[in-house]
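Read off the chains here:
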Amino acid sequence: MKHVVVAMSGGVDSSVAGYLLLKKGMSVDGVFFILFDDPPAMNFAKEVAKFLGIKLHIEDLRKDFREKVIEPFFNGYRKGITPNPCILCNKYIKFPALKCLADKLNVKWFATGHYARIVRHAGQVILLKGIDKNKDQSYFLYAIEKGLLQQLVFPLGDYIKDEVKKIADEVGIQAKTLEESVEVCFLREKRYYELIKGASHGPIIEKSTGKIVGQHRGIHLFTIGQRKRIGISLGYPAYVVHIDPTINAVYVASREEACWKEIFVEDINWLYDPEGESFECDIKLRYAMNPEKAVVSIINNKAKAVFYKPQFAPAPGQSAVFYRDDVVLGGGIIMEKERYSEVPRSPQSQQ
């Protein structure tokens, strides 16, 4: 491994990743991806590349990013699901673009500043969690093409975040140091629902009775498991448990009814071949959660997962990622479950 292309966002993580590769004696090219208009960190990436003494390539990916990430993101909310744009970006934009540039430069290896690890053993290439349990980003990487693991490098996988910050300080890397955020990069300071126009009002329905208990201003304002900003009072804590775009309705129920023991998953991408059609593993239903044990049964390229204990609010559109210890087996998109076949299709009026 002598020459590496590293994705540089202008942030501390990717900047230190580039530095660590140089420290190992490798030749490094950096690349900054323009994903939307006026990216705020491009100048930071240029300054870091200059500081490290490496060439920085600028790749304009705005067209593909809009078609494959931004538009599906907003369309997902309009359909009543909860999309994950970071996973879409890694799958369709960043990693394919990294490989494309590496091929163009006749470079075998490419790297990012993700907190994850790659292990090469006995002819297999395996994706593992990063050692920093609080920063591990393997959840966002399950959907990338398996073949890309052959060329991938994650320099930060064996570091914790505090160590990376310390390296940046000691070296004098002046990277972008913003607080960690759960907001979506292309939204800037806005909320996603502020950018969705023309949504129609509809009923909020109590699932257990089928009665209309309120009105909403658009299904895009809701996600499964939501409790705040529903705008109703039922005498008990009410959670969103189902969103039906066909009748523009939001269903609410108790927290107990928002917990599922069984989920279905589609569009599965396997990074590590499963052992048979049924197996036990750990599953994460969202990035910021501890993995939970379940039995997974594979049906074509879909799967049914049965947890040992009910899980709160698996949201259709989000990803379920399968693990065995630190190994990322793969994952897919959580489907709407057939359990709602009993939900009234035509809402009853409040009596």
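This text gives an overview of the structure that appears in the document. Just so you know, these numbers come straight off a predicted model, no measurement behind them.

Along the protein, the regular secondary structure elements total 5 helices and 17 strands. For the protein, the C-alpha radius of gyration of 22 Å lies close to 20 Å, the compact-globule estimate for 351 residues. Along the three orthogonal principal directions, the C-alpha set of the protein runs to about 75 × 45 × 35 Å. Taking all contacts inside the protein whose residues are at least 6 apart in sequence as the whole, residues at least 24 apart take part in 67%.

On to the nonpolar core. Membership of the largest hydrophobic core comes to 46 residues, with the highest contact counts inside it found for Phe 65, Leu 127 and Phe 186. Per element, the largest residue contribution to this core is 8 residues, and it comes from helix α4 (residues 85-104). Counting residues in hydrophobic clusters, the runner-up holds 29 residues, among them Ile 34, Ile 54, Val 153 and Ala 168.

What follows deals with the sheet that holds strand β8 (residues 202-206). The 4 strands lie next to each other as β9-β8-β11-β10, forming an open sheet whose pairing is mixed. Looking at the sheet topology across the chains shown, the edges are occupied by β9 (212-216) and β10 (239-244). Between one strand axis and the next, the sheet turns by 30° as a mean value, whatever way the strands run. As defined by bridge partners, β10 adjoins strand β11 (residues 249-253) across 5 bridges and the pair is classed as antiparallel. Bridging from a neighbouring strand, Ile 243 pairs with Val 250 of β11.

To continue, consider the packing of aromatic side chains. Within this structure, the stated rule accounts for 10 aromatic pairs. Judged by centre distance (5.5 Å) and plane angle (90°), the rings of Tyr 139 and Phe 140 are edge-to-face. Aromatic pair Phe 140 and Tyr 287: ring centres 4.8 Å apart, planes at 40°, arrangement tilted. Of the two residues, Phe 140 is situated in the loop between β6 (124-129) and β7 (152-153) and Tyr 287 in the loop between β13 (278-284) and β14 (292-299); the sequence distance between them amounts to 147 residues. Members of the aromatic cluster, connected to one another through ring pairs, are Phe 65, Phe 73, Phe 74, Tyr 77 and Phe 186.

Of all 7 residues in β13, 5 are buried; the element is thus mostly enclosed. Summarising the sheet, β13 and strand β16 (residues 319-324) pair through 3 bridges and their orientation is antiparallel. Note that in β16 the partner of Asp 282 across the bridge is Tyr 323.

Here we come to helix α5 (residues 161-171). Every buried residue of α5 is accounted for by Lys 161, Val 164, Ile 167 and Ala 168. The buried residues of α5 all sit within an arc of 120° when viewed along its axis, so they share a single face. Opposite the buried face of α5, at more than 90 degrees from it, the exposed residues are Asp 162, Lys 166, Asp 169 and Glu 170. Buried residues belonging to α5 abut α1 (12-23). Looking one or two residues beyond α5, the residue adopting positive phi is Gly 172, at roughly 90°.

Further remarks concern the side chain of Asn 248. Within the fold, Asn 248 resides in the loop between β10 and β11. For Asn 248, the side chain forms a polar contact with the main-chain oxygen of Ser 200, separated by 3.1 Å. Here Asn 248 is in contact with Ser 200, His 201, Gly 202, Pro 203, His 216 and Ile 219, once residues within four sequence places are set aside.

Judged by how many residues are buried, β16 sits mostly within the fold: 5 of 6 residues are covered. In this structure, β16 lies alongside strand β17 (residues 327-334), joined through 6 bridges in antiparallel fashion. Of the residues in β17, the one forming a bridge with Arg 324 is Val 327. The hairpin formed by β16 and β17 contains 2 residues between the paired strands, and Asp 325 there has a positive phi angle of roughly 55°.

Here the structure, examined in full by the defined rule, presents 12 salt bridges. For Asp 326, the salt bridge identified is with Arg 117, shortest N-O distance 3.1 Å. With a gap of 209 residues between them, Asp 326 in the loop between β16 and β17 and Arg 117 in strand β5 (residues 116-121) connect regions that are remote in the sequence. Overall, Arg 117 belongs to the buried group, its relative accessible area being 18%. Several salt bridges share partner residues, and in doing so they unite Asp 37, Asp 60 and Arg 62 into one network.

This part takes up the environment of Phe 140. Here Phe 140 falls in the buried class, since its relative accessible area comes to 15%. Along the chain, Phe 140 and Glu 336 lie 196 residues apart, while their C-alpha atoms are 21 Å from each other. Those residues in contact with Phe 140 that sit more than four places away from it in its chain are Asn 84, Cys 86, Ile 87, Asn 90 and Tyr 287.

When we look at burial in helix α2 (residues 42-52), the residues that qualify are Met 42, Ala 45, Val 48, Ala 49 and Leu 52. Relative to the axis of α2, the buried residues are bounded by an arc of 125° and lie together on one face. In this structure, α2 carries Asn 43, Glu 47 and Lys 50 as exposed residues pointing more than 90 degrees from its buried face. Against the buried residues of α2 lie α1, β2 (27-34) and β3 (55-60). Of the residues trailing α2, Gly 53 is marked for its positive phi of about 75°.

How each quantity is defined
- Along every chain, residues carry numbers that run from 1 in the direction the sequence is written.
- Per-residue local features are limited, in this predicted model, to residues with pLDDT of at least 70; the limit for side-chain atom pairs, both in listing and counting, is 80 or more; totals at the level of whole chains, interfaces and linings are taken over all residues.
- Side-chain metrics rest on all non-hydrogen atoms present in the structure, leaving aside hydrogens and water.
- Only DSSP runs of H or I with at least four residues qualify as helices, and only runs of E with at least two residues qualify as strands; both kinds are numbered from the N terminus onward.
- We compute the radius of gyration over the C-alpha atoms and compare it with the globule rule, which gives 2.2 Å times the number of residues raised to the power 0.38.
- Contact definition: two residues touch when any of their heavy atoms are within 4.5 Å.
- In plain words, nonpolar cores are sets of buried Ala, Val, Leu, Ile, Met, Phe, Trp, Tyr and Cys residues tied together by side-chain atoms within 4.5 Å.
- Only protein chains enter the accessibility calculation, which uses a 1.4 Å probe. A residue is then buried if its area is under 20% of the maximum for its type, exposed if over 50%, and partly exposed in between.
- For two strands to be treated as a pair, DSSP must find no fewer than two bridges joining them.
- Geometry is summarised by axes, namely lines fitted to C-alpha atoms with helices restricted to the contacting stretch, and by angles between N-to-C directions that run from 0 to 180 degrees.
- Two aromatic rings from Phe, Tyr or Trp, using only the six-membered ring of Trp, form a pair when their centres are within 6.5 Å; if the ring planes differ by under 30 degrees the pair is stacked, by over 60 it is edge-to-face, and anything between is tilted.
- Throughout, the arc means that of the directions going from the helix axis to the C-beta atoms.
- Definition of a polar contact: a pair of N or O atoms within 3.5 Å, with one able to donate and the other able to accept a hydrogen when the atoms are protein atoms, and with sequence-neighbouring residues admitted only if both atoms are side-chain atoms.
- Only one rule defines a salt bridge in this text: a Lys or Arg side-chain nitrogen within 4 Å of an Asp or Glu carboxyl oxygen.

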